[in-house]
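Structural description and commentary
One-letter residues, chain by chain:
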Amino acid sequence: MRTNISFVVYDRSGSVPAEVVEQAHALDLAAFGEQFQSVRTHLAPSYGRRLAVAKDDAVVVGILLYASTSLTAQVEKLIVREENRRQGVGRALLEKVKASAGSRVLKLHVETTHDAAFRLYDTAGFRRVGTVPDYYGTGRHAISMELDPTND
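Residues numbered from 1 in each chain as written. Predicted model: local features only at pLDDT ≥ 70, side-chain atom pairs only at ≥ 80, totals over all residues. Heavy atoms only, no water.

Examining the pairing of strand β3 (residues 59–68)
Formally: Using a 1.4 Å probe on the protein chains alone, a residue whose accessible area is under 20% of its type maximum counts as buried, one over 50% counts as exposed, and one in between counts as partly exposed. Think of it this way: any DSSP run of H or I at least four residues long counts as a helix, any run of E at least two long counts as a strand, and we number them from the N terminus. Paired strands, as defined in this entry, are two strands with at least two bridges between them according to DSSP.
In terms of residue burial, β3 counts as a mostly covered element, since eight of its 10 residues are buried. Note that strand β2 (residues 50–56) and β3 share seven bridges and pair antiparallel. For L51, the partnering residue across the bridge sits in β3 and is L65. The turn joining β2 and β3, which pair antiparallel and follow one another in sequence, is formed by two residues; a positive phi near 60° is taken by D57. Note that β3 and strand β4 (residues 72–80) share seven bridges and pair antiparallel. Its bridge partner being in β4, S68 is matched across the sheet by A73. Hairpin connection of β3 to β4: three residues between the antiparallel strands.

What to know about the sheet that holds β4
The test is simple: Only the stretch in contact is used when a helix axis is fitted, and all axes are lines through C-alpha atoms; the angle between N-to-C directions ranges over 0 to 180 degrees. Whether two residues touch is decided by their heavy atoms; if any such pair falls within 4.5 Å, the residues are in contact.
If you walk across this open sheet you meet the seven strands as β1-β2-β3-β4-β5-β7-β6, and the pairing is mixed. The open sheet has two edge strands with one neighbour each: β1 (5–10) and β6 (127–132). Strand-to-strand twist of the sheet, defined as the mean angle between neighbouring strand axes without regard to direction, takes the value 25°. Lying on the sheet, helix α1 (residues 18–32) is in contact with β1, β2, β3 and β4; it crosses β3 at an angle near 85°. Packed onto the sheet, helix α3 (residues 89–101) meets β1, β2, β3, β4, β5 (105–111) and β7 (142–147) and runs at close to 35° relative to β3.

A closer look at unusual backbone geometry
Glycine aside, the phi torsion of most residues is negative, and most peptide linkages are trans. A positive phi angle, close to 60°, is found at D57, a residue other than glycine. Note on placement: D57 falls in the loop between β2 and β3. Given the relative accessible area of 62%, D57 is considered exposed. You will see that D134, though not glycine, has its phi angle at about 60°, which is positive. Residue placement: D134 occurs in the loop between β6 and β7.

What about α1?
In plain terms, the rule: Here the expected length of a helix is defined as 1.5 Å per residue gap, with one fewer gap than residues. When we speak of the arc, we mean the arc of directions from the helix axis to the C-beta atoms.
Under the 1.5 Å per step criterion, the end-to-end length of α1 is 21 Å for 15 residues, consistent within 8% with the ideal 21 Å. Buried within α1 we find V20, V21, A24, H25, L27 and D28. One face of α1 carries all of its buried residues, which in axial projection span an arc of 165°. In α1, the exposed residues that point more than 90 degrees away from the buried face are A18 and A30. Directly after α1, the chain includes G33, whose backbone phi takes a positive value near 65°.

Points about the confidence of the model for the chain
Here is the rule: Across the chain, each position has a pLDDT score giving the predictor's confidence in that residue, from 0 to 100.
Confidence along the chain averages 84 in pLDDT terms, with 88% of residues attaining 70 or more. Within the chain, the lowest mean pLDDT, 69, falls on helix α2 (residues 39–42), and the highest, 94, falls on β6.

Observations regarding the side chain of K77
Stated formally: Under this definition, polar contacts are N or O atom pairs within 3.5 Å; protein pairs additionally need one hydrogen-donor-capable and one acceptor-capable atom, and for neighbouring residues in sequence, both atoms have to be side-chain atoms.
Secondary-structure assignment places K77 in strand β4. Residue K77 is classed as buried on the basis of its relative accessible area, which comes to 7%. Of the polar contacts made by the side chain of K77, one reaches the side chain of D28; its length is 2.8 Å.

In structure tokens, the structure reads:
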């Protein structure tokens, strides 16, 4: 990973600077288009989401959006700019969230066709716990994955 990439976790939706929200929104649109609720919507104070951000100088190169309860942390989106992939950015974001989540179980869903995501999550210690038919739309299934930090 490049050494000038910095990481920060925003624990409250309202604490994320506007320029970070806009860059995260642009990453989200580039990755997913408008088929899902946007990062900008999730970061509204009423949603209570948290955001881990990787920045190269002033440019957001990766984000991990998650919701946290007393028992779990649900990873909702992990996005790394294409030109920054395979540099450890996604793994570092996961590590930041793992540290922030403490003893909470991390949960997420991965579309069955996303092999690179499976490689990342498998090597990070997540285990596959089930299938959710049509999670991403008709015929687009998800695999549920979990990481229990008490089992490390």
